[in-house]
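Secondary and tertiary structure notes
Residues per chain, in single letters:
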Amino acid sequence: MAKALVVVESPAKAKTINKYLGSDYKVVASMGHVRDLPKSKLGVDVEEGFEPSYEVIASRKKVLKELKDAAKGASDIYVATDPDREGEAIGWHLAEELGAGNKKKIRRLMFNEITKKGVLAAMEHPTTINKQMVDAQQARRVLDRLVGYKISPLLWDKVRRGLSAGRVQSVALKLVVDREREIERFVAEEYWNITAHLAAKVPPEFDARLLKKDGANIKVGNETEANAILADLKQADWVVTAVTTKERKKRPVPPFITSKLQQAARFPVKKTLMVAQQLYEGVELPGEGSVGLITYMRTDSTRVSDQALTDVREFIGQRYGAEYVPEKPIFYRAKADAQDAHEAIRPTSMQYHPEEVRAHLTPDQYYIYKLIWNRFVASQMPPATFDETTVDISAAAYLFRVKGSVP
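Description of the structure in this document. (Residues numbered from 1 in each chain as written. Predicted model: local features only at pLDDT ≥ 70, side-chain atom pairs only at ≥ 80, totals over all residues. Heavy atoms only, no water.)

1. Thoughts on the pattern of salt bridges
Inspection of every chain in the model, using the stated rule, returns 22 salt bridges. Ionic pairing is found between Lys219 and Glu189, a salt bridge with its closest N-O pair at 2.8 Å. With Lys219 in the loop between strand E11 (216-217) and helix H7 (223-233) and Glu189 in the loop between helix H6 (169-185) and strand E9 (195-198), this pair connects stretches of sequence that are 30 residues apart. Here the two residues Lys219 and Glu189 agree in accessibility, since each one is exposed. Between Asp392 and Arg401 there is a salt bridge; the shortest N-O distance is 2.6 Å. (Salt bridge = Lys/Arg side-chain N within 4 Å of Asp/Glu carboxyl O. Helix = DSSP H or I, 4+ residues; strand = E, 2+ residues; numbered from the N terminus. Buried < 20%, exposed > 50% of the residue type's maximum accessible area, 1.4 Å probe, protein only.)

Encoded structure:
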């Protein structure tokens, strides 16, 4: 009986998915892109609607031949590349190369999480290649090529040979230059802060900052003015004139999107995504084989599935107590320009607590996974409540203020 062919991007992903699909399917990896614009020429017809001209990447010819051989006897062909623009474009290139005589057999699979539930659900609802996403990727690729091929030679001629220009870095460089020019135009203005280190009969000691003089905000512009204030304060009586306390709430932050994870991880951005990709594609766990621990890591959406919300709320109730479960799930507003194609980055299952799988993760994997886990759990917990106290202290004509908060 002919097997169905499933094409993914990486061997790790192929191994995990093959385990879930069983012996009726053959899961193979394309190793990323199989076609690209030629290296030796522009490869874009600027006279005919900027039509790109693709060729098979030399290092992928052997892989592509193996894929074509596998496709010949396959009952169905499923393109299961990553669910983003780049993955859609890779899927389209694969469909173009494998399509001779197989067009009707080629379908698209979309996984937001590589778990048995996620993979089997995707198999029940195959789709087609999204040409709009492909066009979006092609537009970016064509812009890369046009900028690179047209501006880089100018840099070689005017600045230094070997420099390159790109669609993103060229604009980023302009922003850096504009900001540097703003810095150069900045006129420094001297100012002084005056802080009093105080102690009462009951510890602890604390610092209070000068705020006003004779009831009006004060600005200390130089050392002479600062010394004059210090002279006024030497013989002053320090008296607490007001104490106010109010309750303040701090709402939890949303689960991670890609950019927020990169900022929080404190790794180079490329390393953060590399480690997240490993967690997404699957980690070997005893008795279970390869398990995808997080959802897809390239997303700008804070949306979370209903089932995931139910699971995390149950986890919070069991682990921390019912009082830490909000009355209703917390939903976060998406940015106006968010594509919202995928969920936020979250654990695929609450059964894989970071401490329980730590022994099977590298230190980097554990760090990123724990970061994602903690952020997701915290996003569905009640706001933190603080008592914020403000103390005003008068000394001669001056007012000092200090603030503090306790949970």
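2. Re a negative patch on the surface
Together, Asp45, Glu47, Glu48 and Glu51 make up a negatively charged patch on the protein surface. The residue Glu48 is located in the loop between strand E4 (44-45) and strand E5 (51-52) in this model. (Patch = residues over 30% accessible without salt bridge, like charges linked within 9 Å, V, L, I, M, F, W, Y side chains within 5 Å. Areas by Shrake-Rupley, 256 points an atom, 1.4 Å probe, with all protein chains shown as cover. Lys, Arg positive; Asp, Glu negative; His and termini not counted. Charge placed at Lys NZ, Arg CZ, Asp CG, Glu CD.)

3. Thoughts on the packing of helix H8 (residues 258-265) against helix H9 (residues 269-281)
Relative to each other, H8 and H9 sit at 110 degrees, their axes nearing to 9 Å. One way to sum up the angle between H8 and H9 is to call them roughly perpendicular. Relative to H9, H8 is oriented so that their crossing is right-handed. Residue-level inspection shows Thr258, Leu261, Gln262 and Ala265 of H8 in contact with H9, the latter providing Val269, Thr272, Leu273 and Ala276. Each residue belonging to the contact of H8 with H9 can be placed in one class, and the counts come to five nonpolar, three polar and no charged. (Axes fitted to C-alpha atoms, helices over the stretch in contact; angles between N-to-C directions. Parallel < 35°, antiparallel > 145°, perpendicular 65-115°, else oblique. Left-handed = near helix turned anticlockwise from the far one by under 90°. Contact = heavy atoms within 4.5 Å. Nonpolar A, V, L, I, M, F, W, Y, C, P; charged D, E, K, R; others polar.)

4. Observations concerning H8
Within the sequence span of H8, burial applies to Thr258, Leu261, Gln262 and Ala265. Taken around the axis of H8, the buried residues stretch over an arc of 100 degrees, which confines them to a single face. Against H9 and helix H12 (363-378) lie the buried residues of H8. Phi turns positive one or two residues past the end of H8, at Arg266, with a value near 65 degrees. (Arc of directions from axis to C-beta.)

5. Section: the nonpolar core
Within the largest apolar cluster, 53 residues are counted, with the highest numbers of intra-cluster contacts made by Leu293, Ile294 and Tyr369. Element by element, the count of residues in this core is highest for H12, at seven residues. Leaving out residues up to four positions away in the same chain, Ile294 has contacts with Ala276, Leu279, Tyr280, Ile345, Arg346, Pro347, Thr348, Tyr369 and Ile372. The next biggest cluster of nonpolar side chains, apart from the first, holds 17 residues, and it includes Val28, Val63, Ala71 and Val79. (Core = buried A, V, L, I, M, F, W, Y, C linked by side-chain atoms within 4.5 Å.)

6. With respect to the sheet that holds strand E7 (residues 77-79)
The strand order across the open sheet built from four strands is E2-E1-E7-E8, with neighbouring strands paired in parallel fashion. The open sheet has two edge strands, strand E2 (25-29) and strand E8 (106-108), and neither has a second partner. On average, adjacent strands in this sheet sit at an angle of 25 degrees to one another, irrespective of strand direction. Two strands pair when backbone bridges link them, and E7 and E8 are joined in this way by three bridges, in the parallel orientation. When the bridges of E8 are listed, Ile77 appears paired with Ile106. Relative to the sheet, helix H2 (residues 61-72) contacts strand E1 (4-8), E2 and E7, its axis offset from that of E1 by approximately 155 degrees. (Pairing = 2+ DSSP bridges.)

7. Regarding the pairing of strand E15 (residues 384-395)
Pairing geometry for strand E12 (residues 238-250) and E15, over 12 bridges, is antiparallel. Opposite Thr245, over in E15, you have Thr389 as the bridge partner. As judged from the nine bridges shared by E15 and strand E16 (residues 398-406), these two strands associate in the antiparallel manner. Bridging across to E16, Glu388 finds its partner in Ser405. Taking the residues between adjacent antiparallel strands as the criterion, E15 and E16 are bridged by two residues, where Ala396 takes a positive phi near 55 degrees.

Such coordinate-based values are descriptive only and should not be taken to indicate function.
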